[in-house]
Amino acid sequence: MENELIEEIILILDDKLDKAVSVLKEDYAAIRAGRANPHILDKVTVDYYGAMTPVTQMANVSVQEGRCLVIAPWDMSALKGIEKAIQVSNIGLTPTNDGKVIRLVFPELTEERRRDLVKQIRKMGEDAKVAQRNVRREAMDGLKKLKNDKSISEDEFSLGEKEVEKLVSEAVSKVEAAVSAKEKEIMTV
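Residues numbered from 1 in each chain as written. Predicted model: local features only at pLDDT ≥ 70, side-chain atom pairs only at ≥ 80, totals over all residues. Heavy atoms only, no water.

> Hey, could you run me through the overall build of the chain in this one?
Within the chain one finds four helices and six strands. Along the chain, from the amino end to the carboxyl end, the secondary structure elements read α-β-β-β-β-α-β-β-α-α. In terms of C-alpha radius of gyration, the chain reaches 22 Å, well past the compact-globule figure of 16 Å for 189 residues. Taken over the C-alpha atoms alone, the chain extends approximately 70 × 40 × 20 Å along its principal axes. (Helix = DSSP H or I, 4+ residues; strand = E, 2+ residues; numbered from the N terminus. Rg over C-alpha atoms; globule rule 2.2 N^0.38 Å.)

> Please explain unusual backbone geometry as it appears in this structure.
As a rule of thumb, non-glycine residues mostly have phi less than zero, and peptide bonds are mostly trans rather than cis. Even without being glycine, tyrosine 49 reaches a positive phi, approximately 55 degrees. Considering the arrangement of structural elements, one finds tyrosine 49 in the loop between β1 (45-48) and β2 (51-54). The phi torsion at lysine 150 lies on the positive side, around 65 degrees, for a residue other than glycine. Position of lysine 150 among the secondary structure elements: in the loop between α3 (111-148) and α4 (154-187). In this structure lysine 150 comes out as exposed when scored by relative accessible area, which is 71%. (Buried < 20%, exposed > 50% of the residue type's maximum accessible area, 1.4 Å probe, protein only.)

> Honestly, the sheet that holds strand β4 (residues 68-73) in this entry has me stumped. Any pointers?
The pairing of strands in a sheet comes from backbone hydrogen bonds and takes either a parallel or an antiparallel form. Overall, antiparallel pairing links the four strands, which are arranged β3-β4-β6-β5 in an open sheet. Looking at which strands have only one partner, the edges of the open sheet turn out to be β3 (59-64) and β5 (95-97). Pairwise comparison of adjacent strand axes, ignoring direction, gives a mean angle of 25 degrees for this sheet. In terms of strand pairing, β5 meets strand β6 (residues 102-105) through three bridges, oriented antiparallel. The partner of asparagine 97 across the bridge, within β6, is isoleucine 102. (Pairing = 2+ DSSP bridges. Axes fitted to C-alpha atoms, helices over the stretch in contact; angles between N-to-C directions.)

> Teacher, can you tell me more about the packing of α3 against α4 here?
Following both chains from N to C, one finds α3 and α4 inclined at 170 degrees, their axes separated by 10 Å at the closest point. Considering their axes alone, α3 and α4 lie roughly antiparallel with respect to each other. (Parallel < 35°, antiparallel > 145°, perpendicular 65-115°, else oblique.)

> What exactly am I supposed to notice about the layout of surface pockets here?
Rolled over the atoms, a probe as big as a water molecule pinpoints where empty space is left. Roughly 290 Å³ of internal volume is contained in the largest pocket. If you go around the largest pocket, you meet 17 residues; those closest to its centre are Ala30, Ile31, Ile40, Asn90 and Ile91. The element that contributes the greatest number of residues to the lining of the largest pocket is α3, accounting for four residues. (1 Å grid on protein atoms, 1.4 Å probe; cavity = no way out; pocket = protein on both sides within 12 Å on 5 of 7 lines; lining within 4 Å. Points joined across faces, edges and corners; volume = space filled by probe spheres on them.)

Listed below in C-alpha cells is the structure:
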C-alpha cells in the first residue's frame, strides 16, 4: 500500500481483529473441561490488605492428578480470604481448606454438560465473528469516506477493500480453529 491513510486503517483493523481472537482464547481458558485448569482462577480476586489481588499473584497454583487444583498461599493469613473469594466467584467449584492449602476438585463432566459447553463455545465463537464483522464494517466505512473525500483513488479503494477482506477472512479462520480446538477438548473424555 502506498497510501498512508489506507495503511493506518489496515493497521487498526488488524489490531482489532487480533484482539477479538485473543479475547476469545482468554474466555475459552476460563471454561472448565473436566480437567484442572489454573486459568479458571484468573479473574478471582481477594481483598488482601485493602487491595483486590488476583489469587494467582498471592499463591502457588498447581495441578495435581489431572483433576485437582492445589492453591498454596505464600501468606497463610490469606487462606480464608482466598477460600471465600473462590466461593463467591461463581466458578462452580467448592474449595476444601485443610489449613495449609486449598484444593479444588473438578468433577467429571457428563455428556449433557459437555454438549451445553459446546453450545456455549460456539456462541462465544459467533460473538467473536460478529465483533470481527463490526470491525470490518468500520474499516470499510473509513475507506469509503476517504474515497468520497477524494483522498484516495478508485484503484486504491479497491486494493484497500481487498486487503480488508483478506485480513477479515484470516481472522475468521483463526476463530473457527479456536472453536473447533476447544470443542474437541471438551468432547474428549
